[in-house]
Amino acid sequence: MRYFSRHRTLCCAMSAVFLFLILLVPADASDLAQAPRYVALTFDDGPSAKCTQPLLDGLAARGVHCTFFVCGYRVRENPKLVSAIITGGHELGLHGDTHDYMNAMDSKSLQLEIAEPSAYLQETTGVTPHLLRPPGGLYNDAVRAEAQRQQLPIILWEVDPLDWACHKASEVTRRITAKAADGDIILMHDSSASSVSAALRTIDLLQARGFVFVTVSELAAQKGVALCPGQPYSHIS
Ligand SMILES: [Zn+2]
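Just so it is clear, the model here is predicted, and its values are computed rather than measured.

Rules used throughout
- Per chain, residue numbering runs from 1 following the sequence as it is written.
- Reporting in this predicted model follows two pLDDT cut-offs: at least 70 for local features of residues, and 80 or more for side-chain atom pairs to be given and counted; totals over whole chains, interfaces and linings ignore these cut-offs and use all residues.
- In this scheme the burial state of a residue depends on its C-beta neighbours within 10 Å: 20 or more other such atoms mean buried, 12 or fewer mean exposed, and anything in between means partly exposed; the C-beta positions come from the backbone.
- Here a helix means four or more residues in a row that DSSP labels H or I, a strand means two or more in a row labelled E, and each is numbered from the N terminus.
- Our arc is simply the arc of the directions from the helix axis toward the C-beta atoms.
- Note that contacts rest on C-beta atoms placed from the backbone: two residues are in contact if these are within 7 Å.
- Strand pairing is assigned whenever DSSP detects at least two bridges linking the two strands.
- Per residue, pLDDT measures the predictor's confidence, with a range of 0 to 100.
- Joined through C-beta atoms within 7 Å, a set of buried Ala, Val, Leu, Ile, Met, Phe, Trp, Tyr and Cys residues constitutes a nonpolar core.
- Looking down the strands as they point away from you, a crossover is right-handed if its path from the first strand over the helix to the second goes clockwise.

**Student:** What exactly am I supposed to notice about helix α9 (residues 216-223) here?
**Tutor:** Each α-helix turn comprises 3.6 residues. Residues three or four places apart therefore point the same way. Of all the positions in α9, only Val-216, Leu-219 and Ala-220 are classed as buried. An end-on view of α9 places all buried positions within 100 degrees of arc, on one side of the element. Where the residues of α9 are buried, they touch β1 (37-44), β2 (67-70), β3 (91-94), β4 (154-155), β5 (185-189) and β6 (211-214). Remark: Gly-224 follows α9 within two positions and exhibits a positive phi of approximately 70 degrees.

Rendered as structure tokens:
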């Protein structure tokens, strides 16, 4: 009898522990499910006289900061938009001076292609970009070496909706939202009205799913990754 009483007590105690553990598991799983997923939305080829300001307005309304990989010749055409990008709290990256492919350049041209727009931005805005995205994402050993020499990590992308070729905003949004995952860098262009619409709609949909939009540098900091000059990145985790 005493055996059964002890046995029952032991069973009750084990059940209580088991129940406690069960209660703990859903709490942890729930925390995981709610953990924010970070993505960096990036825009190439601007600033654009037609599209960058409406994009900046939409981003400001959503409290979202992005990374703009600007071209030197566009910067010289649109200095006020560069200032608006900076005052909007966004990050500036380099996308070359002429948008010619860097992997086809001789060493002197390559050096100037990166250094000249960087110096111009420093002189005119006080901001020195710390990231490089070669046009087309095309790089070779020489581009990597020059990027390393100029202290620039090479930022590529994990999600490419081909928004420069597809001008149906809903399709561009679908392509991004179907693929985006924590740590992804997303490639877009502030060059068309459809890209602007697609970007803002994408932000609304992904924010509703718990995604947080940050700049590339913020994404690296969030993940505890020190970006190395000359090293290519398409996803940071
Ligand atoms: Zn480009």
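**Student:** Looking at this structure, how should I read unusual backbone geometry?
**Tutor:** Residues apart from glycine generally show negative phi values, whereas peptide bonds are mostly found in trans. Following Gly-46, the chain continues to Pro-47 via a peptide bond in cis, the omega torsion being 0 degrees. Residue position: Pro-47 is located in the loop between β1 and α2 (52-62). With phi around 60 degrees, Gln-151 is a residue other than glycine that occupies positive phi space.

**Student:** So what exactly am I meant to see when it comes to the pairing of β1 here?
**Tutor:** Within a regular beta strand, the side chains point alternately toward one face of the sheet and then the other, so they alternate between its two faces. Judged by how many residues are buried, β1 sits mostly within the fold: six of eight residues are covered. Across four bridges, β1 lies against β6 in parallel orientation. Considered in β6, the bridge of Arg-37 is made with Phe-211. In this structure, β1 lies alongside β5, joined through five bridges in parallel fashion. When the sheet's bridge partners are listed, Ala-40 is paired in β5 with Ile-185. Where β1 and β2 come together, three bridges link them in parallel fashion. Pairing of Phe-43 across the sheet is with Phe-68, part of β2.

**Student:** What am I meant to see in the environment of His-65 here?
**Tutor:** Along the chain, the position of His-65 falls in the loop between α2 and β2. Apart from the residues lying within four places of it in its own chain, the contact partners of His-65 are Gly-89, His-90, Val-214 and Thr-215.

**Student:** Honestly, the confidence of the model for the protein chain in this entry has me stumped. Any pointers?
**Tutor:** Low pLDDT means the predicted coordinates in that region are not meant to be read closely. On average, residues of the protein chain carry a pLDDT of 90, and 86% of them reach 70 or more. Taken together, the stretch residues 1-32 has pLDDT below 50 and engages in zero contacts with residues farther than four places along the chain or on a different chain.

**Student:** Hey, could you run me through the environment of Met-102 in this one?
**Tutor:** With respect to the secondary-structure elements, Met-102 resides in the loop between β3 and α5 (107-125). On the neighbour-count criterion, Met-102 (24 C-beta atoms within 10 Å) is buried. Through-space distance from the C-alpha of Met-102 to that of Ile-114 is 9.2 Å; in sequence the pair is twelve residues apart. When sequence neighbours within four positions are dropped, the list of residues in contact with Met-102 reads Gly-96, Leu-110, Glu-113, Pro-134, Pro-135, Leu-138, Tyr-139 and Val-143.

**Student:** Which parts of the structure should I look at to understand the nonpolar core?
**Tutor:** One recurring pattern in soluble globular proteins is that nonpolar side chains are buried together. Core analysis: the largest hydrophobic core is formed by 56 residues, its most contacted members being Val-39, Ala-40, Leu-41, Leu-132, Ile-186, Ala-199 and Phe-213. Here the element with the most residues in this core is helix α8 (residues 193-208); it accounts for six residues. Excluding anything up to four places from it in sequence, Leu-132 contacts Gly-93, Leu-94, Ile-114, Ala-147, Leu-152, Ile-154 and Ile-155.

**Student:** Looking at this structure, I do not really get the pairing of β2. What am I missing?
**Tutor:** Along β2, one buried face is formed by Thr-67 and Phe-69 and the opposite face, lined by Phe-68 and Val-70, is buried too. After leaving β1, the chain enters α2 and then returns to the sheet as β2, a path that is right-handed. Sheet topology note: the β2/β3 ladder contains four bridges and is parallel. Its bridge partner lying in β3, Phe-68 is registered against Leu-92.

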